[in-house]
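Read off the chains here:
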Amino acid sequence: MILFLEYLNTEQERENFKKLYRQYKNLLFWIARSKTNSDEDAEDCVQETFAYVAKHFDKIDCIESSRTKCYLATIVEGFAIDIYNKSLKERLLLNNSEKTDIKENFDRYNKVELFSVFDKVLNEEDKVFFYLKYLYGYSSSEIAEIYDVKDTYVRKRLQYSKE
C-alpha cells in the first residue's frame with residue numbers, strides 16, 4: 001500500500017485512498033477471484049487495480065458512492081479477465097507441448113519395439129538395409145551406392161523384409 005501512496009500528492013488524498021482501500025479490498029478480491037478462479041491471480045488483480053486507481057485518483061469523487069464502486073469493479077474485472085486469458089494461454093501451450101511429447105515418446109517406443117522384432121526375424125544384411133532406409137532415411141540408391149550393389153537388389157531385399 002505504501003507504493004500506492006507515492007502516487008498521491010496531498011495528505012488528504014492519502015487518507016481518502018486508505019479509506020477506499022479498506023472499504024473495497026475484499027469486494028475487489030471477491031470479484032477477481034470469481035473471474036480468475038485463483039487466489040494468487042485475484043490478489044494480483046486487486047493490487048493492479050489499486051495501483052491504477054492511485055495513478056488516477058482524481059477520477060474518484062466520493063468514496064462511498066455507487067459510481068466509485070462500479071468504477072472499481074469495472075477496473076478489477078478488466079485486470080481479472082486479462083490475467084485469466086494469459087493463464088489460459090499458458091495452460092493451453094503447456095498441454096499442447098505435453099501432448100506432443102507423449103506422441104513423440106509413443107512413436108519412438110513403437111519404432112524401438114518394431115525394430116526389436118525385426119532383429120529377431122531378419123538376417124544381418126536385411127536389417128542394415130531396413131535400418132538405413134526407414135530409421136535413418138537413406139534412399140535405396142544411396143544404400144546401394146554405400147554397399148556397392150544394384151539399386152534393384154536393395155529394393156527387393158527391403159520388399160522381402162516387409163513381407
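Everything discussed here concerns the structure shown above.
What you are looking at is a predicted structure, and each value in this text was computed from that prediction instead of being measured.

Caption draft 1: Quick look at the overall build of the protein. Within the protein one finds seven helices and zero strands. Its helices and strands taken in sequence order, the protein reads α-α-α-α-α-α-α from the N to the C terminus. In the protein, the share of contacts with a sequence separation of at least 24, taken over all contacts with a separation of at least 6, comes to 54%. Summed over its atoms, the accessible surface of the protein is roughly 11,400 Å², and 53% of this surface lies on carbon and sulfur atoms.

Caption draft 2: Local environment of the side chain of S38. As for its placement among the helices and strands, S38 is situated in the loop between α2 (11-36) and α3 (39-55). Here S38 falls in the buried class, since its relative accessible area comes to 15%. Within the local environment of S38, its side chain forms a polar contact with the backbone nitrogen of D41, the two atoms lying 3.3 Å apart.

Caption draft 3: A negative patch on the surface, seen in detail. Together, E40, E43, D44, E48 and D82 make up a negatively charged patch on the protein surface. At four residues, the largest contribution of residues to the negative patch is made by α3. Position of E40 relative to the elements: it lies in helix α3.

Caption draft 4: Just the packing of aromatic side chains, in detail. Here the structure, examined in full by the defined rule, presents four aromatic pairs. Aromatic pair F17 and F50: ring centres 5.9 Å apart, planes at 80°, arrangement edge-to-face. One end of the pair, F17, is in helix α2; the other, F50, is in helix α3, and 33 residues separate them in sequence. Classification of F17 as buried rests on a relative accessible area of 0%. Its relative accessible area of 0% is what places F50 among the buried residues. An aromatic cluster is defined as three or more aromatic residues linked by ring pairs; in this entry it consists of F17, Y21, F50 and F57.

Caption draft 5: Here's a closer look at the pattern of salt bridges. Under the criterion given, the structure shown has six salt bridges. The partner of D39 in a salt bridge is R33, with the nearest N and O atoms 2.7 Å apart. By relative accessible area, which is 39% here, D39 ends up partly exposed.

Caption draft 6: Layout of α3. With 17 residues, α3 should reach 24 Å at 1.5 Å per residue; the first-to-last C-alpha distance of 25 Å fits that figure. Listed in full, the buried residues belonging to α3 are D41, A42, C45, V46, T49, F50, A51, V53 and A54.

Caption draft 7: The arrangement of the packing of α2 against α3 in detail. Between α2 and α3, the shortest axis-to-axis distance is 8 Å and the interhelical angle comes to 140°. When the axis of α2 is compared with that of α3, the two are oblique. For the crossing formed where α2 meets α3, the hand is right-handed. On α3, the residues touching F17, L20, Y21, Y24, K25, L28, F29, A32, R33 and T36 of α2 are D39, D41, A42, E43, C45, V46, Q47, T49, F50, V53 and A54. By residue class, the composition of the contact of α2 with α3 is 13 nonpolar, three polar and five charged.

Caption draft 8: Up close: the packing of helix α6 (residues 140-147) against helix α7 (residues 151-162). At a closest axis distance of 8 Å, the pairing of α6 and α7 adopts a crossing angle of 115°. Classified by the angle between their axes, α6 and α7 sit roughly perpendicular to one another. The interaxial crossing formed by α6 with α7 has right-handed handedness. Of α7, the residues touching α6 (which contributes S140, S141, I143 and A144) are D151, V154, R155 and L158.

Caption draft 9: Structural detail: α2. When the local axis directions of α2 are compared, the greatest deviation, roughly 50°, occurs at Y24. Listed as buried for α2 are F17, L20, Y21, Y24, L28, I31, A32 and T36. Looking one or two residues past α2, N37 carries a phi angle of roughly 60°, positive in sign.

Procedures and definitions
- Each chain carries its own residue numbering, running from 1 in the direction its sequence is written.
- Residues qualify for local features only when their pLDDT is at least 70, as the model is predicted, and side-chain atom pairs are given and counted only at 80 or more; totals for whole chains, interfaces and linings, by contrast, use all residues.
- With hydrogens and water stripped out, all remaining heavy atoms of the structure feed into the side-chain values.
- Secondary structure elements follow DSSP: runs of H or I no shorter than four residues count as helices, runs of E no shorter than two count as strands, and numbering proceeds from the N terminus.
- What makes two residues a contact is simply this: any of their non-hydrogen atoms within 4.5 Å.
- Using the Shrake-Rupley algorithm and a 1.4 Å probe, accessible areas are obtained, with residue cover drawn only from the displayed protein chains.
- For every residue, the accessible area obtained with a 1.4 Å probe (protein chains only) is divided by the maximum for its type, and the residue is called buried under 20%, exposed over 50%, and partly exposed between those limits.
- Pairing of N or O atoms within 3.5 Å defines a polar contact, subject to two protein rules: one partner must be a possible hydrogen donor and the other a possible acceptor, and residues neighboring in sequence count only if both atoms are side-chain atoms.
- Residues qualify for a patch when their relative accessible area is over 30% and they have no salt bridge, like charges being joined within 9 Å and the nonpolar side chains of Val, Leu, Ile, Met, Phe, Trp and Tyr within 5 Å.
- Each salt bridge in this description consists of a side-chain nitrogen of Lys or Arg and a carboxyl oxygen of Asp or Glu lying within 4 Å of one another.
- Positive charges come from Lys and Arg alone, negative charges from Asp and Glu alone, with His and the N- and C-terminal ends not counted.
- Think of each charge as sitting on NZ of Lys, CZ of Arg, CG of Asp or CD of Glu.
- By convention, a stacked pair of Phe, Tyr or Trp rings (six-membered ring in the case of Trp) has centres within 6.5 Å and planes under 30 degrees apart, an edge-to-face pair has planes over 60 apart, and any other such pair is tilted.
- In this analysis, the expected span of each helix is defined as 1.5 Å times one less than the number of residues it contains.
- Whenever a helix is involved, its axis is fitted only over the stretch in contact; in every case the axis is a line through C-alpha atoms, and angles between N-to-C directions fall within 0 to 180 degrees.
- Any angle that is under 35 degrees is reported as roughly parallel, and any over 145 degrees as roughly antiparallel; angles of 65 to 115 degrees are reported as roughly perpendicular and all others as oblique.
- By definition, any crossing whose near helix is turned counterclockwise from its far helix by less than a right angle is left-handed, and any crossing with a clockwise turn is right-handed.
- Under the grouping applied here, Gly and all other residues not named as nonpolar or charged are polar, the nonpolar ones being Ala, Val, Leu, Ile, Met, Phe, Trp, Tyr, Cys and Pro and the charged ones Asp, Glu, Lys and Arg.
- The reported bend at a residue is simply the angle between two axes, fitted to the 7 residues ending at it and to the 7 residues beginning with it.

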